Structure formats: C-alpha cells, structure tokens
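Observations on chain architecture
The lines below spell out each chain.
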Amino acid sequence: MPVTIGAVCNFYNEANALPGFLESASAFFDHISLYQSGPGGAESNDGSIEIIKKWKGAGVALYRGSIDDGFGVVRTAAVRSSPCDWVMLLDA
C-alpha cells in the first residue's frame, strides 16, 4: 500500500491566498485539510469558505475550530484531521 502525504493549513479570512495555495498544494499532496480557526469560532467572511467549497471532493476537506482554544490546540486538531500517513503543516 502506498504511503500518503497530506497538507494541513489553519486559516481565517484567507480568500486572497487560498486559490493559489489550493492550486499549488493539490499538485503535490494526496489530501488537503483546511482548518478554519476564527476567533470565537467565527466563520471567514471574505469568501474563503466559498472558494473551499469549489474544491471539496477533490481531496480537500474543511474543518472548523476556534483560535481561542490556543494555537497549539488548533494545529494539533488540524494535523489529526488529515487521513494521511504523513502531514506537512503549511500556511495559506
């Protein structure tokens, strides 16, 4: 069975960066986990979610949390969201 490698990115209001990130990352990774981590669990309001929805089903998954839980907690949850054997943490 081949080893899989995934990309994990926590984000909030990254509509400007997400199209290029997804285009680039999809060429190299088996799966991309995007972990939305707005303050108080707030959802991005700049079009980020709509961009991600266009990529869902193409090895891209969206998860939600709150940065209020702490950066380490958010990063750990993001890593655990990936179904891959190996994971690379990236910024959008």
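Report follows, based on the coordinates. (Residues numbered from 1 in each chain as written. Predicted model: local features only at pLDDT ≥ 70, side-chain atom pairs only at ≥ 80, totals over all residues. Heavy atoms only, no water.)

**Looking at the overall build of the protein chain**
Tallying secondary structure elements over the protein chain gives three helices and four strands in all. The order of α-helices and β-strands along the protein chain, N terminus first, is β-α-β-α-β-α-β. A globule of 92 residues ought to have a C-alpha radius of gyration of about 12 Å, and the protein chain, at 12 Å, matches this closely. The principal-axis extents of the C-alpha atoms in the protein chain amount to approximately 40 × 25 × 20 Å. Here the protein chain holds 92 residues, and the buried ones make up 39% of them. Sequence-distant contacts, at least 24 apart, represent 81% of the contacts inside the protein chain between residues at least 6 apart. (Helix = DSSP H or I, 4+ residues; strand = E, 2+ residues; numbered from the N terminus. Rg over C-alpha atoms; globule rule 2.2 N^0.38 Å. Buried < 20%, exposed > 50% of the residue type's maximum accessible area, 1.4 Å probe, protein only. Contact = heavy atoms within 4.5 Å.)

**Notes on helix 1 (residues 18-26)**
Along helix 1, the positions that sit buried rather than exposed are Leu-18, Phe-21, Leu-22 and Ala-25. End-on view of helix 1: buried residues confined to an arc of 95°, all on one side of the axis. Next to the buried residues of helix 1 lie strand 1 (5-11), strand 2 (31-38), helix 2 (48-55) and strand 3 (60-66). (Arc of directions from axis to C-beta.)

**Quick notes on helix 2**
Among all positions of helix 2, only Ser-48, Ile-49, Ile-51 and Ile-52 are buried. Looking straight down helix 2, one finds its buried side chains confined to an arc of 160°; they lie on one side. In helix 2, the exposed positions angled more than 90 degrees off the buried face are occupied by Lys-53 and Lys-54.

**Concerning the environment of Ala-27**
Checked against the element boundaries, Ala-27 lands in the loop between helix 1 and strand 2. Of the residues examined, Ala-27 reaches a relative accessible area of 61% and is grouped as exposed. Taking the C-alpha atoms as reference, Ala-27 lies 24 Å from Arg-64; in sequence the two are 37 residues apart.

**Some details on a nonpolar patch on the surface**
On the surface, Val-3, Ile-5 and Trp-86 cluster together into a nonpolar patch covering about 330 Å² of accessible area. For Ile-5, the position within the fold is in strand 1. (Patch = residues over 30% accessible without salt bridge, like charges linked within 9 Å, V, L, I, M, F, W, Y side chains within 5 Å. Areas by Shrake-Rupley, 256 points an atom, 1.4 Å probe, with all protein chains shown as cover. Salt bridge = Lys/Arg side-chain N within 4 Å of Asp/Glu carboxyl O.)

**Observations regarding the pattern of salt bridges**
The final tally for this structure, using the stated rule, is two salt bridges. Where Arg-64 meets Glu-43, a salt bridge forms, and the shortest distance between an N and an O atom there is 3.0 Å. Within this pair, whereas Arg-64 is found in strand 3, its partner Glu-43 is found in the loop between strand 2 and helix 2, the two being separated by 21 residues in sequence. For Asp-91, the salt bridge goes to Arg-75, with nearest N and O atoms at 3.1 Å. Of this pair, Asp-91 sits in the segment after strand 4 (86-89) while Arg-75 sits in helix 3 (residues 71-81), and the two are 16 residues apart along the sequence.

**What to know about the nonpolar core**
Counting residues in hydrophobic clusters, the biggest one holds 16 residues, and the most contacted among them are Phe-11, Leu-18, Phe-21, Leu-22, Ile-32, Leu-34 and Ile-52. At the level of elements, strand 1, helix 1, strand 2, helix 2 and strand 3 are the ones that each hand at least two residues to this core. A total of four residues in this core trace back to one element, the largest contributor, which is helix 1. The residues contacting Ile-32, other than those within four sequence positions of it, are Ala-7, Phe-21, Leu-22, Ala-25, Ser-26, Gly-59, Val-60 and Ala-61. (Core = buried A, V, L, I, M, F, W, Y, C linked by side-chain atoms within 4.5 Å.)

The quantities given are spatial measurements derived from coordinates; they are silent on function.
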